[in-house]
Amino acid sequence: MNDTLEAFAAECHKILKLDSGASGIEAVREKLEPLLLDKKFIATYLGEDNDSARKIIYEDAELGFCILAHVFKGYNEAPPHDHGPSWAIYGQAAGKTEMTEYDEIGSHSDGQIGLAKPVKSYTLEPGMAVAYQVGDLHSPKRDGETRLIRMEGQNLEGIKRDKYQRA
Ligand SMILES: [Fe+2]
């Protein structure tokens, strides 16, 4: 782990230990933004030699939050989703992500597909990070390669999440 990541992870740990709610997550988002423009940090974790779609670069042993590096190739549009029991922060390091946020229409029961109405769209450019609280519905779309640092409140590998479709 390089010094910048170690210092950032320690800072996030300090913030989230005191406040794991919306304002703590927002404080972490603010700390992530300058890192997205840190050439040495990005070369280390999102450099040309990295083409991994998902790599956990830090997992906090006590609090469980994760820092992930992603290299996404080609066009893709994800369906609306939340992150189950977790919050998520998307940090753009290279390329552009068009993000849409949604409100659920009505509610859905277990195993049913929820209906999501788009309410807001914006573009994430390098140096920008956005936080989604638990349950916030969003969908990223890209036209070409993107490189992101993302954070999640816990490692979501293997955790079942509800499905939604765009209304
Ligand atoms: Fe997401």
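As a reminder, the structure under discussion sits directly above these lines.
Residues numbered from 1 in each chain as written. Predicted model: local features only at pLDDT ≥ 70, side-chain atom pairs only at ≥ 80, totals over all residues. Heavy atoms only, no water.

## Quick word on the overall build of the protein
Broken down by element type, the protein carries three helices and 10 strands. The secondary structure elements of the protein, listed N-terminal to C-terminal, are α-α-α-β-β-β-β-β-β-β-β-β-β. Computed over C-alpha atoms, the radius of gyration of the protein comes to 16 Å, within 12% of the 15 Å expected from 2.2 N^0.38 for 167 residues, which places it in the range of a compact globule. With respect to the three principal axes, the spread of C-alpha positions in the protein is 45 × 35 × 25 Å. For the protein, the residues scored as buried account for 44% of the 167 residues in total. Long-range contacts, defined here as pairs at least 24 residues apart, represent 78% of the contacts in the protein between residues at least 6 apart. For the protein, the exposed area adds up to about 8,700 Å²; of that, 49% sits on carbon and sulfur atoms. The average position of the 20 basic charges and that of the 28 acidic charges among the side chains of the protein differ by 3 Å. (Helix = DSSP H or I, 4+ residues; strand = E, 2+ residues; numbered from the N terminus. Rg over C-alpha atoms; globule rule 2.2 N^0.38 Å. Buried < 20%, exposed > 50% of the residue type's maximum accessible area, 1.4 Å probe, protein only. Contact = heavy atoms within 4.5 Å. Areas by Shrake-Rupley, 256 points an atom, 1.4 Å probe, with all protein chains shown as cover. Lys, Arg positive; Asp, Glu negative; His and termini not counted. Charge placed at Lys NZ, Arg CZ, Asp CG, Glu CD.)

## Points about the coordination of the iron ion
His-81 (NE2), His-83 (NE2), Tyr-90 (OH) and His-138 (NE2) make up the full set of protein donors to the iron ion, lying at 1.9 to 2.1 Å. Taken together, the four donor atoms coordinating the iron ion span angles of 95 to 126° at the metal, a pattern that classifies the geometry as tetrahedral. Binding-site remark: the iron ion is held by donors from one chain whose sequence spacing is H-x1-H-x6-Y-x47-H. Accessibility assignment for this pair places His-81 and His-83 in one class, buried. (Donors = N, O, S within 2.8 Å, 3.2 Å for Na, K, Ca; no water. Tetrahedral: all angles 85-135°; square planar, octahedral: opposite > 155°, others 65-115°.)

## Digging into the packing of aromatic side chains
Per the stated rule, a full pass over the model turns up three aromatic pairs. Here Phe-41 and Tyr-45 contribute two aromatic rings whose centre-to-centre distance is 5.2 Å and whose plane-to-plane angle is 50°, an arrangement assigned as tilted. One end of the pair, Phe-41, and the other, Tyr-45, are both in helix H3 (residues 39-46), four residues apart, so they sit about a helical turn from each other. You can call Tyr-45 buried: its relative accessible area is 12%. (Phe/Tyr/Trp six-rings, centres within 6.5 Å; stacked < 30°, edge-to-face > 60°.)

## Notes on the nonpolar core
Counting 28 residues, the largest nonpolar core has Ile-67, Ile-89, Ile-149 and Met-151 as the members making the most contacts within it. The leading source of residues in this core is helix H1 (residues 3-18), at six residues. Core analysis: the next-biggest nonpolar cluster, separate from the first, contains eight residues, Ala-88, Met-99, Val-130 and Tyr-132 among them. (Core = buried A, V, L, I, M, F, W, Y, C linked by side-chain atoms within 4.5 Å.)

## Overview of H3
Inspection of H3 places Phe-41, Ile-42, Tyr-45 and Leu-46 among the buried residues, and these make up the whole buried set. What you see down the axis of H3 is that its buried residues fit within an arc of 95°, all on one side. Opposite the buried face of H3, by more than 90 degrees, sit the exposed residues Lys-39 and Lys-40. Contact partners of the buried residues in H3: H1, helix H2 (22-35), strand S1 (55-59), strand S2 (66-72), strand S4 (88-94) and strand S9 (146-152). (Arc of directions from axis to C-beta.)

## Description of the side chain of His-70
With respect to the helices, strands and loops of the structure, His-70 is situated in strand S2. Overall, the relative accessible area of 3% leaves His-70 in the buried class. Excluding residues within four positions of it along the chain, His-70 makes contact with Leu-46, Ser-52, Ala-53, Arg-54, Thr-146, Arg-147, Leu-148 and Arg-150.

## Observations concerning H1
With 16 residues, H1 extends 23 Å between its outermost C-alpha atoms, agreeing within 8% with the 22 Å of an ideal straight helix rising 1.5 Å per residue. Listing the buried residues of H1 in full gives Leu-5, Phe-8, Ala-9, Cys-12, Ile-15 and Leu-16. Along the long axis of H1, the arc covered by the buried residues comes to 130°, so they all point the same way. Among the exposed residues of H1, those pointing more than 90 degrees away from its buried face are Asp-3, Lys-14 and Leu-18. Those residues of H1 that are buried lie in contact with H2, H3, S1, S2 and S9. Where H1 begins, the side chain of Asn-2 points an oxygen toward the backbone nitrogen of Thr-4, at a separation of 3.2 Å. (Expected span 1.5 Å × (residues − 1). Polar contact = N/O pair within 3.5 Å; in protein donor to acceptor, adjacent residues only side chain to side chain.)

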